[in-house]
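Topology and contacts: notes
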Amino acid sequence: MCNVANDENKLSKSELDALLKEVEQDSRSSKKIQTPKKKPKVRIDMIIAAVIAVVLVVGAALLIWHFVKSVPTKEEKAVAENPLQDEKYPEISDVVKNYLNAFLIDDDEKRAETIAQYVGNLYDINSVKQKTYVSGYSEVECYTKEGPYENTYVVYAYYQMGIKNIDTTVPSITRLYVVRDAKTGNVYIQNDSGDDIQEYMKKVTKDADVQQLLKDVEEEFEQAKQADPKLKKYFDDVNAAANKKNETTAATTQTPTTQAVTTAAPTTAAPTTAAAPVKKQQTSKKNQKTAKKKSSKKKK
């Protein structure tokens, strides 16, 4: 009986082969699952090359930026070579102050004689007419640039102009050409300076520092008008009269005219409206002193 039972429990050869094949397949599947994937190798040399490339690009960009920034523009170079200087020559301010106030003298002969002391080539009596509408000039402050020749100066004279019957003074500026006598050291305002000098003055007036100064005075003048309606009306009337005159002249001559910039009038006569009816011919940097000036100063 035992032999019979053992024979029944024995596997046939075919069954045994099938079982072995199944075990072998399970073993192969297990190996496939357990076998880890190989990690790609990190190329240190490529990383280093990439970092170096980035550094070189950034460095080149910074170098170009620094070079461009360090090279001054044409305007910056002009200002650096001939900067606008505030009150560098007190003697010029004294002459300009006396020159302006001489226009207030009633007597024609005395007025002309006084002005002649400060003008190097006064020859036209009509250029020294009395300024009957002006009550006085104060706070004269001169900004200078070196002129085209030795001992010459382009002067931008800032001042407060008082107008009769109006309390608020007018922030004003005019351009003058000043020459120093090499022997005596005295300075004189030069009238009718010639075309070459006129061109030079126009050129330096375009400098950024001068443009900032003129802009500051223009803004100060506008603030003064806003603060005093009477002053605003006065200049509105002046501008209306000037425009009407220009229109009449244009109609007569059939030639278009342009209003002169009175903020930079290079004449011996003090400017009629100074910084007033001027279309913004922006000016130079009216430095800290100008910035402190109030826009509507009252006459003393």
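Throughout what follows, the structure given in this document is the object of discussion. Predicted model only: the values in this text are computed from it and were never measured.

With that out of the way, let us pick up helix α7 (residues 195–205). If you check which residues of α7 are buried, you get Ile197, Gln198, Tyr200, Met201, Val204 and Thr205. One side of α7 holds all its buried residues, which, seen down the axis, span an arc of 160°. The outward face of α7, more than 90 degrees from its buried face, is lined by the exposed residues Asp195 and Lys203.

Strands sit in the order β1-β2-β3-β4-β5 across an open sheet of 5 strands; the sheet is antiparallel. Either end of the sheet is taken by a strand with one partner, and the two such strands are β1 (85–86) and β5 (187–189). Both β1 and strand β2 (residues 134–146) contribute to a ladder of 2 bridges, which runs antiparallel. Counted as the bridge partner of Asp86 is Tyr143 from β2. Strands in contact with α7 are β2, β3 (152–163) and β4 (170–180); relative to β4, the strand with the most contacts, it is inclined by about 135°. Of the strands in this sheet, β2, β3 and β4 touch helix α8 (residues 208–227), which is tilted by about 145° from β4.

For the rest of this paragraph, the subject is the packing of aromatic side chains. For the structure shown, the criterion picks out 5 aromatic pairs. An angle of 80° between the planes, with centres 5.4 Å apart, marks the rings of Tyr137 and Tyr159 as edge-to-face. Of this pair, Tyr137 sits in strand β2 while Tyr159 sits in strand β3; the two residues are 22 residues apart in sequence, bridging distant segments of the chain. For Tyr137, a relative accessible area of 7% corresponds to the buried category. Residue Tyr159 is classed as buried on the basis of its relative accessible area, which comes to 0%. Judged by centre distance (5.1 Å) and plane angle (85°), the rings of Phe221 and Phe235 are edge-to-face. Placement of Phe221 in helix α8 and of Phe235 in helix α9 (residues 229–253) is noted, with a sequence separation of 14 residues between them. The exposure class assigned to Phe221 is buried, which follows from its relative accessible area of 0%. An aromatic cluster of at least three residues, connected via ring pairs, comprises Phe221, Tyr234 and Phe235.

A contiguous patch of negative charge on the surface is contributed by Asp106, Asp107, Glu109 and Glu113. Here Asp106 is to be found in the loop between α5 (90–102) and α6 (108–116). What makes Asp106 exposed here is its relative accessible area of 60%.

Now for the pairing of β2. Pairing between β2 and β3: 10 bridges, direction antiparallel. Following the sheet pairing, Glu146 is matched in β3 by Tyr153. What sits between β2 and β3 in their antiparallel hairpin is a turn of 5 residues, with Asn151 showing a positive phi close to 65°.

What follows is about unusual backbone geometry. Notably, Glu87 is not glycine yet its phi reads approximately 55°, a positive angle. One can find Glu87 in the loop between β1 and α5. Within the chain, Asn165 stands out as a residue other than glycine whose phi angle is a positive 70°. Residue position: Asn165 is located in the loop between β3 and β4.

Turning to the side chain of Asp228, a few remarks are in order. Looking at the secondary structure, you find Asp228 in the loop between α8 and α9. Residue classification places Asp228 among the buried positions, given a relative accessible area of 11%. From its side chain, Asp228 meets the backbone nitrogen of Lys230 in a polar contact 3.0 Å long. Other than its neighbours up to four places away in sequence, Asp228 contacts Ile166, Asp167 and Thr168.

With 35 residues, the main nonpolar core has Ile92, Val96 and Tyr99 as its most contacted residues. Counting only elements with at least two residues in this core, the list comes to α5, α6, β2, β3, β4, β5, α8 and α9. By size, the runner-up hydrophobic cluster in this structure holds 15 residues, among which are Tyr158, Tyr200, Val204 and Leu213.

Let's shift gears to the pattern of salt bridges. A full pass over the atoms with the stated rule returns 8 salt bridges. With a shortest N-O distance of 2.5 Å, Asp108 and Arg111 are connected by a salt bridge. Here Asp108 and its partner Arg111 are both found in helix α6, 3 residues apart, which amounts to about one turn of the helix. For Lys232, the salt bridge identified is with Asp236, shortest N-O distance 3.0 Å. Highlighted residues: Lys232 and Asp236, both in helix α9, separated by 4 residues, approximately one helical turn. Residue classification places Lys232 among the partly exposed positions, given a relative accessible area of 33%. Residue Asp236 is classed as partly exposed on the basis of its relative accessible area, which comes to 35%. Each of the salt bridges in this network shares a partner with another, and the network as a whole consists of Lys145, Asp207 and Asp209.

What counts as what
Residues numbered from 1 in each chain as written. Predicted model: local features only at pLDDT ≥ 70, side-chain atom pairs only at ≥ 80, totals over all residues. Heavy atoms only, no water. Buried < 20%, exposed > 50% of the residue type's maximum accessible area, 1.4 Å probe, protein only. Helix = DSSP H or I, 4+ residues; strand = E, 2+ residues; numbered from the N terminus. Arc of directions from axis to C-beta. Pairing = 2+ DSSP bridges. Contact = heavy atoms within 4.5 Å. Axes fitted to C-alpha atoms, helices over the stretch in contact; angles between N-to-C directions. Phe/Tyr/Trp six-rings, centres within 6.5 Å; stacked < 30°, edge-to-face > 60°. Patch = residues over 30% accessible without salt bridge, like charges linked within 9 Å, V, L, I, M, F, W, Y side chains within 5 Å. Areas by Shrake-Rupley, 256 points an atom, 1.4 Å probe, with all protein chains shown as cover. Salt bridge = Lys/Arg side-chain N within 4 Å of Asp/Glu carboxyl O. Lys, Arg positive; Asp, Glu negative; His and termini not counted. Charge placed at Lys NZ, Arg CZ, Asp CG, Glu CD. Polar contact = N/O pair within 3.5 Å; in protein donor to acceptor, adjacent residues only side chain to side chain. Core = buried A, V, L, I, M, F, W, Y, C linked by side-chain atoms within 4.5 Å.

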